[in-house]
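Notes for the structure review
What follows is the residue order along each chain.
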Amino acid sequence: MRIISIGLVGLSFGGCAFEENLRQGDLTGKVRIPLEALESFQLIDPDGTPIVDGGFTLDEDGQPVLDITDQMGLLGPVYVGAFPSVEDGHFDYPHPEMGPILDADKPGDTYPYGGTTVGRFDYACYEQLRCKVVTGRHSDYGDIIDFFSDVVQEPIIAPDGTEVTSGSTFQEHCFTTEYVTSNDELSFIDDDPEEDVLPYFKPYFKLNSEGTHYVADVTIPHALVVDGMELWGWVDMPSARYNFSTCNESEGAYHYRYTEQYYKGSSYPDLLNFPGLYVDEGDWVVEDPYVVDSADNEFVIDFTFKFEG
Amino acid sequence: MFGLVSVIFLSGLSGCDRNAKGLVPMPSEDYPGVIEIGELEVVDADTLNSFIAKQQGTLAYIQPNLEDSVGDPKWNSENPDLDGLTGQERYDQHVAETGTLPYYYGQLGQAKDGKRGGATFTFTGTGDEVCIVVDPETVFWSQSVADPVTNASAYNPVYGYPDFYNDDGDLDLFAGMSSYYTGSPGVEIGDFTGFYTDSQGEVVEIEYGECFQTGSQTGMDNAHAGRATTEYCTVDTDQKAGVQYTVVLDTFSVPVDDGVLSFGVAVVNERCARIDKSECFVRGESLDENGVTKSCTDKLEDAQCAGSLAAFCCANPEMCGDEDAVHPDLCLDAYGQDDDGDDLTRGSWCDSTGLCCDAD
């Protein structure tokens, strides 16, 4: 009996070594956005007057005030996908090949093999911040307060109408309304990024040593690996009024607290299937997709094409 | 130790004496498992109302028998707009004019082992949104099992009586352009699946069906209702006027009591949000061997539409589920009260509603 038991235990462990020969794999590499993405970025106020231009915030006289090339909050989510190929001619920018058009109002589905995002929209506790805050861009509450006050120049306003000026107030509001007890439970701030932990599921950008690109390590998990497939994507840059085309304020979880009732916002679910619906003016697009020869090779994806609309 | 292992092993084998054959009827020579209906009209709701002399503009419903059991006309109308014809005469006149049926009632048998069963029919796109509604027999509800004394807030007396499951069937609704349909009408049930091969040679399965039913979860658009419950979907035929569509009623389960699945189906010239899609739209779909609504099933439907299932079951327990599963107090006050506040008895409830089977 003892021999049988040992044999059964041995057999059960044997399953751990079984090679399933799946065609899925994790792809790891870097995405790079040129410094020009922020140097050429422009924000305007409701009257149409530029408030960010040429890499600086501007005062009332149009004079530069604050260098914004280190403001990662201005980089929206970066969408990266693995596609059969990328073609010219469908849109005014390189776009993945598409399947048949089944609906006159939509382009064909790109049928991606896999994909991920570098940063995603996360609800940052205030209605005003729905679809405005991306994970991996801010280290703490104060950083977000300063960003919206000094860069976007639309200070955060609490439900009682007062301006949010302190990180502790922000944190207390989050803990109260989101029913959490630690910052670790909130994805939109990250004061301890795991810089060198594979796989890179918490990617964040930093300026490279040459000062030419914003670079992030990223892992595309569980992609179907097809030799010759191409990695393509785009950066959803904010509009001139700091809105994002890939986020829907009318979707997501529902906030219901006394007189405050609204959806918290969510990304559209088919961004990689129908990127042509979402890439808009000012977005940075991959012009030369990375061709995958092996899942073991680290990729580099450069966003070099600015779509002017 | 050996004894313990033996007991565990033998107890595992005990499950092998169940084969669930009792839940699947035998195929029948009289009722084919796959049928082709032909083409149905995309019918206006007011046309349906005219057959039953119902006021135009109100919610329509369909009915298989426009004459009663002895051939006397139902739904006579003195309304001059309806030409003074009976419902059956108006129906016959309409079919003669259009050449297509405005709705269909039919019966399906169990498909042979390993084969999908079901019915197919076609309709022609109008260029607008149309609503397809199918109702398999008969009526289903989940019994409210909360204790009426200790958990009164959760107890719903309307559903206190259990349903009789064995008279219920289930059809799943699919539809799409006929050019994408892969089945052979009347021979083999198919689907609307196509395949796309990308430039890397990878094959992707594409759903060309256009009949999407939303589920309870956000984003779920391939849901289907359960037994005896209507299924419906809006199909947008914009820019496809004149294009032929195929509808598939895929047999999910056939009633165990008689091995025949009766159903009613219609395609209405409206989006589904503008019509009644409930059990109350397709009436009398539980048919006997002569194609006539089975005794009292129409009253069961009427009771559900009127929200008086408990009273109906208490008055007609042979139409519902296990009496032993009913709370002993349910039928004491299920009949409600009359206008004077006096408790109704079975007899007075039957007289006032006409929903007792023995009242025919």
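Residues numbered from 1 in each chain as written. Chains lettered and ligands numbered in written order. Predicted model: local features only at pLDDT ≥ 70, side-chain atom pairs only at ≥ 80, totals over all residues. Heavy atoms only, no water.

1. Re the overall build of chain B
Looking only at helices and strands, chain B features 6 helices and 11 strands. Projected onto the principal axes, the alpha-carbon positions of chain B cover approximately 85 × 65 × 45 Å. The burial tally for chain B puts 46% of its 360 residues in the buried class. The contacts in chain B between residues at least 6 apart in sequence include a share of 71% that link residues at least 24 apart. (Helix = DSSP H or I, 4+ residues; strand = E, 2+ residues; numbered from the N terminus. Buried < 20%, exposed > 50% of the residue type's maximum accessible area, 1.4 Å probe, protein only. Contact = heavy atoms within 4.5 Å.)

2. With respect to a nonpolar patch on the surface
Residue and element names in this part refer to chain A. Residues Tyr254, Tyr256 and Tyr263 make up a contiguous nonpolar surface patch of about 360 Å² in total accessible area. As for its placement among the helices and strands, tyrosine 256 is situated in strand E14 (residues 254-257). On the basis of relative accessible area, tyrosine 256 is assigned to the exposed category, the value being 59%. (Patch = residues over 30% accessible without salt bridge, like charges linked within 9 Å, V, L, I, M, F, W, Y side chains within 5 Å. Areas by Shrake-Rupley, 256 points an atom, 1.4 Å probe, with all protein chains shown as cover. Salt bridge = Lys/Arg side-chain N within 4 Å of Asp/Glu carboxyl O.)

3. Brief notes about empty space enclosed by the protein
Residues and elements named next belong to chain A. Scanning all chains against the criterion turns up 1 cavity of 30 Å³ or more. Reported here for the largest cavity is a volume of approximately 30 Å³. Taken together, Leu43, Ile44, Ile51, Val152, Glu154, Ala240, Arg241 and Tyr242 make up the lining of the largest cavity. Residue classes in the lining of the largest cavity are distributed as 6 nonpolar, no polar and 2 charged. (1 Å grid on protein atoms, 1.4 Å probe; cavity = no way out; pocket = protein on both sides within 12 Å on 5 of 7 lines; lining within 4 Å. Points joined across faces, edges and corners; volume = space filled by probe spheres on them. Nonpolar A, V, L, I, M, F, W, Y, C, P; charged D, E, K, R; others polar.)

4. A short note on the interface of chain A and chain B
Counting from both sides, the interface comprises 18 residues of chain A and, opposite them, 13 residues of chain B. Surface buried jointly by chain A and chain B totals about 1,100 Å² across both partners, of which 59% is contributed by carbon and sulfur atoms. If you look at where chain A meets chain B, you find 1 salt bridge. Measuring nitrogen to oxygen at the nearest pair gives 2.6 Å for the salt bridge that ties A:Arg23 to B:Glu202. Linking chain A to chain B there are 7 residue pairs in polar contact (both at pLDDT 80 or more). Residue composition of the side of chain A that touches chain B, by class: 11 nonpolar, 3 polar and 4 charged. (Buried area = accessible area lost by both parts, 1.4 Å probe. Polar contact = N/O pair within 3.5 Å; in protein donor to acceptor, adjacent residues only side chain to side chain.)

5. Focus on the layout of surface pockets
Residue and element names in this part refer to chain B. Considering only enclosed or pocket space, the largest pocket measures out at about 1,200 Å³ in volume. Those elements that provide at least two residues to the lining of the largest pocket are strand E8 (203-207) and strand E9 (231-236). When the residues that make up the lining of the largest pocket are grouped by side-chain class, the tally is 13 nonpolar, 5 polar and 12 charged.

6. Topic: the sheet that holds strand E3 (residues 50-53) of chain A
Residues and elements named next belong to chain A. Across the sheet, 4 strands lie side by side as E2-E3-E4-E5; this open sheet has antiparallel pairing. Both edges of this open sheet fall to strand E2 (43-44) and strand E5 (64-67), since each of them pairs with a single strand only. Both E2 and E3 contribute to a ladder of 2 bridges, which runs antiparallel. Of the residues in E3, the one forming a bridge with isoleucine 44 is proline 50. (Pairing = 2+ DSSP bridges.)

7. Some remarks on the state of the cysteines
Note on terminology: a disulfide is the covalent bond linking the sulfur atoms of two cysteines. Residues and elements named next belong to chain B. One pass over the full model with this rule turns up 9 disulfides over all chains. Here cysteine 313 connects covalently by a disulfide to cysteine 320, the sulfurs 2.0 Å from one another. One quick way to see it: the torsion about the S-S bond of cysteine 313 and cysteine 320 is about -75°, and its sign makes the bridge left-handed. Cysteine pairing in chain A follows 1-3, 2-4, where each cysteine in a disulfide is numbered by its order in the sequence. (Disulfide = S-S within 2.5 Å.)

8. Quick notes on the sheet that holds strand E6 (residues 170-177) of chain B
Residues and elements named next belong to chain B. Read across the sheet, 4 strands follow the order E1-E4-E10-E6 without closing on themselves; strand pairing throughout is mixed. The open sheet is flanked by strand E1 (34-39) and E6, the only strands paired with a single partner. Pairwise comparison of adjacent strand axes, ignoring direction, gives a mean angle of 20° for this sheet. Bridge count for E1 against strand E4 (residues 118-124) is 5 bridges, and the pairing is parallel. Note that in E4 the partner of glutamate 36 across the bridge is threonine 120. (Axes fitted to C-alpha atoms, helices over the stretch in contact; angles between N-to-C directions.)

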